[in-house]
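The residues making up each chain are set out below.
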Amino acid sequence: MSISDSVPAPGGPADESPEKLHAFVRELAQAAGELHLSRLTDPGKIREKAPKDLVTEVDLLSEELLISRIRERYPEDAILSEEQGGEISPTGRTWLLDPVDGTANFARANPLFCVCISVAEGDRITHAAVGAPRLGDIYHARLGGGAYRESASGKAHPLRVGSAERLADSFVGADVSYRGSNEPRKNGTLEVFKRCWQVRSLGSAGIRGAWLAAGYLDVSIGTRNTAWDYAPTALLVAEAGGQVSNLTGGPWTYDSDGLLATNNETLHAEALEVLATGEG
Ligand code: IPD
Ligand code: CA
Ligand code: CA
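Residues numbered from 1 in each chain as written. Chains lettered and ligands numbered in written order. Predicted model: local features only at pLDDT ≥ 70, side-chain atom pairs only at ≥ 80, totals over all residues.

### Focus on the overall build of the protein chain
(1) Moving on: Helix and strand counts for the protein chain stand at 7 helices and 15 strands.
(2) Moving on: Relative to the globule expectation of 19 Å for 280 residues, the C-alpha radius of gyration of the protein chain, 18 Å, shows essentially globular dimensions.
(3) Moving on: Structurally, the protein chain occupies a C-alpha span of about 50 × 40 × 35 Å along its principal axes.
(4) Moving on: Every one of the 280 residues in the protein chain was classed for burial, and the buried ones make up 46%.
(5) Moving on: When contacts within the protein chain are restricted to residue pairs at least 6 apart in sequence, long-range pairs at least 24 apart make up 65% of them. (Helix = DSSP H or I, 4+ residues; strand = E, 2+ residues; numbered from the N terminus. Rg over C-alpha atoms; globule rule 2.2 N^0.38 Å. Buried ≥ 20, exposed ≤ 12 C-beta atoms within 10 Å, placed from the backbone. Contact = placed C-beta atoms within 7 Å.)

Laid out in structure tokens, this is it:
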């Protein structure tokens, strides 16, 4: 995956405004959510594609739905999607897709799952939506246009990060799964847990990021390199007034090994300092 600074005009309808593109992103989240709900207790065949990493029939169907609609409307755009793969375009527009985030939850009808849809132009995420249909919420953001939670009634509530400035006052979201490089003892995550107020492990990186933007969490730690999981967090949190970086304080990029998101600079600096105490 590579990033370029140059951002030429993207493909798609010539007169497309950012608002129209954004409306389409939300429509996609809605459509994927309807599919998820229609199969809530019927995930179909479940396969373990890697240890502790599931894919259901609904992941594949949701991905097909998203990709076919994007291809129909924006045939020139690049797509990077979790199950089908793809590339990030170095020069044009790219769609980053996680057709079901929180598959292990979805597979047992736990309500904490979502679809993650992001639009990237060069190194910027310009649009993002996290649709959590079982919660009745679509969290979405447009670069420079703010972040919102849209409830099932269609009402849009602006998102604002929380006010905690110290780990000791913070709710920390992180998924702890003991596998390979995601081993939490090695990256300082457990030390953050020790120093915070409460820990939340949701099983969905997309919802975790959206909940930070909404002020339900104060710190979010993601320790994998999966751009489709973290791109929505990067935009939602920035638009809701928070801070985003990689796990050592540099800019989060598509190639980063993880993402740290927090409410503000003070809390971010403390979380980075504690993460750095990990064994590496
Ligand atoms: C997973 C979830 C989970 C996170 C894993 C992801 P998936 O995504 O976001 O919260 O801890 O790292 O792989 O596989 O359900 O799309
Ligand atoms: Ca995911
Ligand atoms: Ca997924």
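After that view, the rundown keeps rolling.
### Points about the site of ligand 1
(1) Moving on: Asp101, Thr103, Asp175, Ala205 and Arg224 are the nearest of the 15 residues found near ligand 1.
(2) Moving on: Of all the secondary structure elements, the ones that give two or more residues to the shell around ligand 1 are strand S5 (93–101) and helix H3 (103–106).
(3) Moving on: When its residues are assigned to classes, the shell around ligand 1 shows 2 nonpolar, 6 polar and 7 charged.
(4) Moving on: Both domains that meet at the shell around ligand 1, namely domain 1 (18–158) and domain 2 (167–275), each give it at least three residues. (Near = placed C-beta within 6 Å. Nonpolar A, V, L, I, M, F, W, Y, C, P; charged D, E, K, R; others polar. Domains from an automatic or database assignment.)

### Notes on the sheet that holds strand S13 (residues 219–222)
The pairing of strands in a sheet comes from backbone hydrogen bonds and takes either a parallel or an antiparallel form.
(1) Moving on: The 5 strands are arranged S12-S11-S13-S15-S14 in an open sheet whose pairing can be described as mixed. This sheet does not close on itself; its edge strands, each paired only once, are strand S12 (198–200) and strand S14 (243–245). In this sheet, adjacent strand axes meet at a mean angle of 15° when their direction is disregarded.
(2) Moving on: Of the strand pairs in this sheet, strand S11 (residues 171–174) and S12 are connected by 3 bridges, and their pairing is parallel. For glycine 173, the partnering residue across the bridge sits in S12 and is arginine 200.
(3) Moving on: In this fold helix H6 (residues 227–239) packs onto S13, S14 and strand S15 (259–262), with an angle of close to 25° to the strand it touches most, S15.
(4) Moving on: Running at roughly 145° to S15, helix H7 (residues 265–275) makes contact with S13, S14 and S15 of the sheet. (Pairing = 2+ DSSP bridges. Axes fitted to C-alpha atoms, helices over the stretch in contact; angles between N-to-C directions.)

### Digging into the confidence of the model for the protein chain
Fine structural detail should not be taken from predicted coordinates in areas where pLDDT scores are low.
(1) Moving on: Summary statistics for the protein chain give a mean pLDDT of 92 and a share of 90% for residues scoring 70 or more.
(2) Moving on: Contacts for the low-pLDDT stretch residues 1–11, under 50 throughout, to residues beyond four places or in other chains number 32 contacts. (pLDDT = per-residue confidence, 0-100.)

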